[in-house]
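One letter stands for each residue in the lines below.
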Amino acid sequence: MRISKTLTLAAGLLTVLACASAAEKSPAYSKVDLAAADKLRERALADPSAYQLITSLTTEVGPRPAGSAGDKAAVSWALREMQRLGFANVRSVEVAVPHWVRGEAEFAVITPWPQSMPTLALGGSVGTPAEGIEGEVLMVKDLEALKALPAGAVKDRIVFFSNRMERTRDGSGYGRAVTVRVAGPSAAAGLGAQGVVIRSISTSDERFAHTGALRYAADVSRIPAVAISNPDADALVRQFETGKSVRVRIRSSSRDLAPARSANVIGEIPGTDRSSEIVILGAHLDSWDPGVGAIDDGAGVAIMMTVAKLIGELDQNPRRTIRVVLFANEEFGTSGSMAYVEALQGEADRHVLGFEADFGAGPVWRLSSRVNPAQLPAIDQIFRALGPLKLVRGENEAGGGADLEGLAKLGMPILEPGLDGTRYFDVHHTANDTLAKVDPAALRQAVAAFAVSVWLGAQFPGDWERAKTPLPSRR
Ligand SMILES: [Zn+2]
């Protein structure tokens, strides 16, 4: 009994000492800031603004691919809505964007059993001659399988990438599968193929094709590339499994127009004693064209704007400046975020903490970070403030999203309330990306998780030191 009591006392003393030394490095949040975090969380869970913003953007603007009339309308919409919400320093900063247009596309099996299948050109794909292209199909699972083929096997063929992406909560299945869409067309062209068809990068069994950007290599000819839905890809595989030769025809009128002008749209909640330090909230204003971009990325736009609005409505202004940046053209080359970083000219270090929302409409299930290890105790405090939202604690290896990559590479710390991507790739980049796919309650929970994290990020009593861990490879 006595021995155990002594041990307990000693352990208690050690805990006190350990806490004291951690607190020296990472000061604790004030009661006032934590109370404001609680208030923000409760207000966010009852606030309809985010759903209203997605409704407005998808109804009044709709599809907004880079360079389109919708893209310009989205910029006007964002300026108007930021002003309406009372943001400070609302402005647009012009960005040059590529202007690719989809036109129409057809995909049809010619032999052994003819049938046509709904298709979408991959973003950036060249079109075909008016009569289309026709050829024998070579089916391979992925890029590795393509590279393993003997020389000459691919010449004049239409390559079919058949691999199916895996459903995951954190989007890692997408990262593993998407390489055939991005690099497959040029890999096939380099071996002499005349066209490419991919199984959509999709977790859905609905008959919707998924688009998304390809990236042509500079040194090989540009060949047309399209996607078909999972059920149609399955049907194509079944035609192969008979052992008969499969021929298909692809027709597409997609083409490049002259580059166009778009803009990043920026608005702020000004800080107070640390106003020169910026906490940046990024999302992207553009969308692919088949749907109306409700989940990608109307949701991110709405989450970030609502978070800033809720913080702006508090009795106290944040210590650091909260800057919402709605980036131009994330989908087809991240033009907006690259222009943003290029224009910084030594101001990169003022961006002391970054958040990005580009993974659907919630809920948030995890809190990850990529901060200097000295600030991990602060992340622990933020995680505790998120308690009622029932998140799990992630690693210190967050990547942010595509639009924060440039700043993260310069050492900006990232805090990542992780959006649940379990069903995201059912509708991502399809005609089915509509308001009907947004659950208002999940969206409010996501706003609450971001609002608490952003607020405490802006109020941190210490310094956000530069992150030191290398940025993980892009998903
Ligand atoms: Zn997106």
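Quick caveat: nothing in here was measured; it's all calculated off a predicted structure.

## A look at the coordination of the zinc ion
Part 1: Coordination of the zinc ion by the protein comes from His284 (NE2), Asp296 (OD), Asp358 (OD) and Asp358 (OD), over a distance range of 1.9 to 2.8 Å.
Part 2: Bound by four donor atoms, the zinc ion shows angles of 50 to 147° at the metal and therefore irregular coordination geometry.
Part 3: Between consecutive donors of the zinc ion, the numbers of intervening residues give the motif H-x11-D-x61-D. With His284 in strand 11 (residues 274-284) and Asp296 in helix 9 (residues 294-312), this pair connects stretches of sequence that are 12 residues apart.

## Considerations on the pairing of strand 12 (residues 320-327)
Part 1: Burial within strand 12 is extensive, with eight of its eight residues counted as buried.
Part 2: Examined bridge by bridge, strand 10 (residues 255-269) and strand 12 share five bridges and lie antiparallel to one another. Looking at strand 12, one finds that Gly267 is bridged to Val324.
Part 3: In this sheet, strand 12 lies alongside strand 11 in parallel orientation, the contact comprising eight bridges. Counterpart to Gly282 in the pairing with strand 12 is Val325.
Part 4: Taking the sense of rotation as the criterion, the β-α-β connection linking strand 11, helix 9 and strand 12 turns out right-handed.

## Concerning the confidence of the model for the protein chain
Part 1: Predicted confidence across the protein chain gives a mean pLDDT of 94, with 93% of residues reaching 70 or more.
Part 2: Every residue in residues 1-24 is under pLDDT 50, and counting partners more than four places away or in other chains gives zero contacts.

## What about the packing of helix 3 (residues 49-60) against helix 4 (residues 69-84)?
Part 1: Between helix 3 and helix 4, the least distance of the axes is 11 Å, while the angle of their chain directions is 155°. Considering the angle they form, helix 3 stands roughly antiparallel to helix 4. The chirality of how helix 3 crosses helix 4 is right-handed. Residues Leu53, Ser56, Leu57 and Glu60 of helix 3 touch helix 4, and the partners they reach there are Trp77, Arg80, Glu81 and Arg84.

About the criteria used
Residues numbered from 1 in each chain as written. Predicted model: local features only at pLDDT ≥ 70, side-chain atom pairs only at ≥ 80, totals over all residues. Heavy atoms only, no water. Donors = N, O, S within 2.8 Å, 3.2 Å for Na, K, Ca; no water. Tetrahedral: all angles 85-135°; square planar, octahedral: opposite > 155°, others 65-115°. Helix = DSSP H or I, 4+ residues; strand = E, 2+ residues; numbered from the N terminus. Buried < 20%, exposed > 50% of the residue type's maximum accessible area, 1.4 Å probe, protein only. Pairing = 2+ DSSP bridges. Right-handed = clockwise from strand over helix to strand, strands pointing away. pLDDT = per-residue confidence, 0-100. Contact = heavy atoms within 4.5 Å. Axes fitted to C-alpha atoms, helices over the stretch in contact; angles between N-to-C directions. Parallel < 35°, antiparallel > 145°, perpendicular 65-115°, else oblique. Left-handed = near helix turned anticlockwise from the far one by under 90°.

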